[in-house]
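Structural overview for review
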Amino acid sequence: MRDYLLTLCVTAAVTYLLTGPVRKFAIATGAMPEIRARDVHREPTPRLGGIAMFFGLCTGLLVADHLQNLNSVFELSNEPRALLSGAALIWLIGVLDDKFELDALIKLGAQMISAGVMVMQGLTILWLPIPGVGTVALTKGQGTLLTVALVVLTINAVNFVDGLDGLAAGMVCIAAAAFFLYAYRLWYGYTIEAAAPATLFAAILMGMCLGFLPHNMHPARIFMGDSGSMLIGLILAASAISITGQVDPDVLKLFEGSTREATHAALPVFIPLVLPLTIIAIPMADLVLAIVRRTWNGQSPFAADRGHLHHRLLEIGHSHSRAVLIMYFWSALIAFGTLAYSVHSTSMWIVLGVVFLSAIGLVLLLLPRFTPRAPRWAESFVPPRYRRRGAGRRGGRPGTRSDGAAPVAAAVEEPAEERVPVPAGVNGSTAIGHRSRFTDWRKAGTPS
């Protein structure tokens, strides 16, 4: 555990320290797209954060290779090299997309090729555990198709959920933490060496996300872009494939006894297949709702709009940070609830705890709909959002509020401000004020 934590900390430190220089590089190269109508941020923000994350991955693998307890992972398995090969390819395509906006079919092809590169080097699903039947060996073609499908699906799920500052990195970090606990339990608890690569991948993935999050939390100073979202999606899928396809369920003696006992015993084996759904569940639900919504309104299913789940959380009344925290909560509840159920599947307290926390999550989700209002005599002691509208008219001009806010009537009568594309430039590169070190914006090559 100490070596895994050391690898995690080194990966996080390298990612954190490199993100600042990468941000300056992104600004200098103009990797800042114009703001689209569906975007939440207000000013052009540099991308290419995946560059720092990729070098964090390389550093984590290098450090692990020189640790005595983790060196055997590289000697006994070719999976770390397979992961690095696939990650390098998908990262390169992501960097080009962040700069030049590649076609969607090109990115899809690159995702499939990256998965194929990992399959060719041995990182593939060899068998599937089926309760009541046992271990079912897959042919080479079946294993390849299943591996490629899982990699592509996970990459696009992570890419799809990357809609708010810090959302994708935080959710992947939560899923990686659940993966790490599960894989470490197999490796240390059952002394299964085949689970060591997945444990290492999960630790490095947590370090990459934790190192990037301080720069990406709202208001974000840099985005990970496709170079980052596709990279962490591929590593997450590789962790699942490593355990599901390489760890023989028969070693755990899960399929002994009756069919009912075997079904309960086999639950831990299916966790690597279920945990990616903690990332996919929310964006896939959003995808289905988006297709239905756009088709119902007579639009193309591929037409962009502002009706996604994170947009709806903002429209309900949640702040940007609170919307992200709510999605963190649900991801953690699904991931760690599933993990806890796999360990103690016969415990009713785990099910009751998940139900209770789900009820709390629903209350937090709908909280802006039930914002309490303070009585008039206490309005001067509470924040403005808890005061009644128009409560400050006494002793002031009509329509003004006691907290000095803008008149309510004027705010209602004014038409909604139309969002127009903002050109990318050095002076608008951050959401928290001007941070440019250029005395003249023309020195950075910004178009006049």
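About the thresholds
- Residues numbered from 1 in each chain as written.
- Predicted model: local features only at pLDDT ≥ 70, side-chain atom pairs only at ≥ 80, totals over all residues.
- Heavy atoms only, no water.
- Helix = DSSP H or I, 4+ residues; strand = E, 2+ residues; numbered from the N terminus.
- Buried < 20%, exposed > 50% of the residue type's maximum accessible area, 1.4 Å probe, protein only.
- Contact = heavy atoms within 4.5 Å.
- Areas by Shrake-Rupley, 256 points an atom, 1.4 Å probe, with all protein chains shown as cover.
- Lys, Arg positive; Asp, Glu negative; His and termini not counted.
- Salt bridge = Lys/Arg side-chain N within 4 Å of Asp/Glu carboxyl O.
- Phe/Tyr/Trp six-rings, centres within 6.5 Å; stacked < 30°, edge-to-face > 60°.
- Core = buried A, V, L, I, M, F, W, Y, C linked by side-chain atoms within 4.5 Å.
- Axes fitted to C-alpha atoms, helices over the stretch in contact; angles between N-to-C directions.
- Parallel < 35°, antiparallel > 145°, perpendicular 65-115°, else oblique.
- Left-handed = near helix turned anticlockwise from the far one by under 90°.
- Nonpolar A, V, L, I, M, F, W, Y, C, P; charged D, E, K, R; others polar.
- Expected span 1.5 Å × (residues − 1).
- Patch = residues over 30% accessible without salt bridge, like charges linked within 9 Å, V, L, I, M, F, W, Y side chains within 5 Å.

1. As for the overall build of the chain
- Scanning the chain from terminus to terminus reveals 16 helices and two strands.
- For the chain, the residues scored as buried account for 47% of the 448 residues in total.
- Excluding contacts between residues fewer than 6 apart, the proportion of contacts in the chain whose partners are at least 24 apart in sequence is 72%.
- Carbon and sulfur atoms make up 65% of the accessible area of the chain, which totals about 22200 Å².

2. Let's talk about unusual backbone geometry
- Omega for the peptide link from histidine 218 to proline 219 comes to -5°, which places this bond in the cis form.
- Structurally, proline 219 is set in the loop between helix 8 (196-216) and helix 9 (225-246).
- One non-glycine residue, glutamate 101, adopts positive backbone phi at about 60°.

3. So, the side chain of aspartate 3
- Mapped onto the fold, aspartate 3 is located in helix 1 (residues 2-29).
- Buried charged residue aspartate 3 carries no salt bridge. Nearest counter-charge: arginine 2, at 4.4 Å.

4. Quick look at the environment of isoleucine 222
- Position of isoleucine 222 among the secondary structure elements: in the loop between helix 8 and helix 9.
- As a C-alpha pair, isoleucine 222 and alanine 26 span 196 residues in sequence and 8.9 Å in three-dimensional space.
- When neighbours within four sequence positions are excluded, isoleucine 222 is seen to be in contact with Thr19, Val22, Arg23, Thr45, Pro46, Arg47, Gly49, Phe212, His215 and Asn216.

5. A word on the packing of aromatic side chains
- A complete count under the given rule lists seven aromatic pairs for this structure.
- Their ring planes at 85° and their centres at 6.2 Å tell us that tyrosine 4 and tyrosine 184 sit as a pair that is edge-to-face. On the criterion of sequence distance, the pair formed by tyrosine 4 in helix 1 and tyrosine 184 in helix 7 (residues 167-189) is long-range, its members being 180 residues apart. There is no split in this pair, since tyrosine 4 and tyrosine 184 are both buried.
- Seen from their ring centres, phenylalanine 54 and tryptophan 91 are 4.3 Å apart, and the 10° between their planes marks the pair as stacked.

6. Section: the nonpolar core
- In terms of nonpolar packing, the biggest core is built from 89 residues, with Tyr4, Leu57, Leu200 and Leu231 touching the most fellow members.
- Broken down by element, this core gets its largest block of residues, 18 residues, from helix 7.

7. Here's the deal with the packing of helix 7 against helix 14 (residues 320-343)
- Two elements in contact, helix 7 and helix 14, have axes whose closest approach is 9 Å; the angle formed by their N-to-C orientations is 15°. It follows from the interaxial angle that helix 7 and helix 14 lie roughly parallel. Crossing hand, helix 7 versus helix 14: right-handed. Facing helix 7, whose interface residues are Leu167, Gly170, Met171, Ile174, Ala177, Ala178, Leu181, Tyr182 and Arg185, helix 14 presents Val324, Met327, Tyr328, Ser331, Ala332, Ala335, Phe336, Leu339 and Val343.
- Per-class residue counts for the contact of helix 7 with helix 14 are 15 nonpolar, two polar and one charged.

8. A closer look at helix 4 (residues 79-100)
- Taking 1.5 Å as the rise per residue, helix 4 with 22 residues should run 32 Å; its terminal C-alpha atoms sit 31 Å apart, in good agreement.
- A positive backbone phi angle near 60° is found at glutamate 101, which sits one or two residues after helix 4.

9. Considering a nonpolar patch on the surface
- On the surface, Tyr341, Met348, Trp349, Val351, Leu352 and Val355 cluster together into a nonpolar patch covering about 640 Å² of accessible area.
- Residue contributions to the nonpolar patch peak at five residues, all from helix 15 (residues 348-365).
- Mapped onto the secondary structure, methionine 348 falls in helix 15.

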